[in-house]
Amino acid sequence: EPTINTSGSTPWRNPLRSQGLSTRRELYERDFPVYKQPVEVGCFSLDSERRFFNDSRQMRYYVEPDRNPHFDLKDGYKDRFVKRDDGEKEKLDHILRWIVANRSKLDSRETTASVLDVDFVTWRGHLTKLLTTPYETRDSWLLAVTRFRGTLYISEVETEAARRDRENRTERNAEMMYWGYKFEQYTFADDIHSLPDPSGVVNTNEAFCTVVQTRLADHRLLFSGEVDCRDKDPAAPAPPACYVELKTSAEICTPKQFKLLKWWAQSFLPGVPRIVAGFRDHEGVVVSVETFHISKISHLIKNEYNCWKPTVCMNFCSDFLSFVKHVATEDNPSVVYLFSWEPHRDVTFSIHRDSQYSFLPHWEKMFERL
Ligand code: 0WD
Ligand code: CA
């Protein structure tokens, strides 16, 4: 007989919440779940026209900046900026291309070659959103899930509010988004022998993405995330340990708690060990640079009042994935289970057949090759 859950071990089995999953923090304050060291199983690149390449041609190399530089982030916004069309929804397409091209790398214990040996396939950014959910008070999310040959594919759907924000972005906001990319250009070089070239064009179509495999509790995960650059020392540890995440921030010295949570979650997931942050003034000039080690970030905020806890983030994510496995049972590429969440509410879901939400491409041949 199910009982009313007060221990928080499986919040979705609570009969009072049988249709939803609670996001209340107290329910997730238990031991840190098993999170296996993420292993890079491959990578891919997207070029200046957003074309997919099954290689590392877009890899960039970190060049340590001066601790007190004078990087003008406004430079080039008007005349040397090619912006990716973010109205174009790519869903999981690039990851699926990578899977098809690298099927043999994903060793399968199964005898039937058409079954992937993972429970979930998604973008790292979607998992970051799940990790931060128990502390999120503003942004809602929608995640579409399809079960195909036993694997659950998770792809984000843009919320109405996010679409409005994107379409009504002010000029100032659009320029501030550029600043992050401009900082990258001051900080990485195209190869180990050259220096950064701030006179070039910033093109946000370009990306280098790592593909990692890991396990959270009993969920086998395969996900991809964009990586900014790597340590240029050839003797540096193997990926993902040699990767560096670049950030900009207005708060001099230590960013606000919630921002640090987002930084931590994004890099912890793929095992990227350090973040290099450029702190800028209101004029968009980076005036100081600081390195943050992921393993130390949660200590930085431990003594602050009502602080976020990594274990709450990871346990919530793990329970959400269990909830998804339990709900999304029909193995059918045209069925979407749409999970939706708004701050201060439970996670709920609805089921859609052959709808606008279907996201696995009709690449029948592609899936024959799986
Ligand atoms: O179409 C969509 N709904 C999504 C597309 C959602 C999430 C990601 N993507 C694409 C991104 O364009 C990017 O190429 O997938 C790739 C990266 O995925 P991710 O690593 O899982 O995404 P995330 O961790 O959220 O972001 C990593 C970086 C960002 O770095 P910062 O320092 O800002 O966190 O990817 C870039 C950005 O540099 N990025 C984007 N660039 C342009 N347009 C976008 C975007 N919408 N989202 C992330
Ligand atoms: Ca970045």
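Note: the structure precedes this text.
1. Brief notes about the site of ligand 1
- Close contacts around ligand 1 come from 15 residues, with R50, R124, G125, E226 and K247 the closest.
- One nitrogen or oxygen atom from the side chain of R50 is found 2.8 Å from an oxygen atom belonging to ligand 1.
- The side chain of R84 places a nitrogen or oxygen atom 3.3 Å from an oxygen atom of ligand 1.
- When isolated, ligand 1 has an accessible area of 780 Å², and the protein chains bury 75% of it.
- Elements with a contribution of two residues or more to the shell around ligand 1: α2 (124-132), β12 (219-226) and β14 (243-249).
- Tallied by class, residues from the shell around ligand 1 come to three nonpolar, five polar and seven charged.

2. Brief notes about the coordination of the calcium ion (ligand 2)
- Those protein atoms acting as donors to the calcium ion (ligand 2) are D228 (OD), E245 (OE) and L246 (O), and they sit at 2.3 to 2.5 Å.
- Here the donor residues for the calcium ion (ligand 2) map to a single chain with the spacing D-x16-E-L. With D228 in the loop between β12 and β13 (229-231) and L246 in strand β14, the pair connects residues that are 18 residues apart, well separated along the chain.
- We classify D228 as buried; its relative accessible area is 8%.
- Residue classification places L246 among the buried residues on the basis of a relative accessible area of 5%.

The rules we used
Residues numbered from 1 in each chain as written. Chains lettered and ligands numbered in written order. Predicted model: local features only at pLDDT ≥ 70, side-chain atom pairs only at ≥ 80, totals over all residues. Heavy atoms only, no water. Near = heavy atom within 4 Å. Polar contact = N/O pair within 3.5 Å; in protein donor to acceptor, adjacent residues only side chain to side chain. Areas by Shrake-Rupley, 256 points an atom, 1.4 Å probe, with all protein chains shown as cover. Helix = DSSP H or I, 4+ residues; strand = E, 2+ residues; numbered from the N terminus. Nonpolar A, V, L, I, M, F, W, Y, C, P; charged D, E, K, R; others polar. Donors = N, O, S within 2.8 Å, 3.2 Å for Na, K, Ca; no water. Buried < 20%, exposed > 50% of the residue type's maximum accessible area, 1.4 Å probe, protein only.

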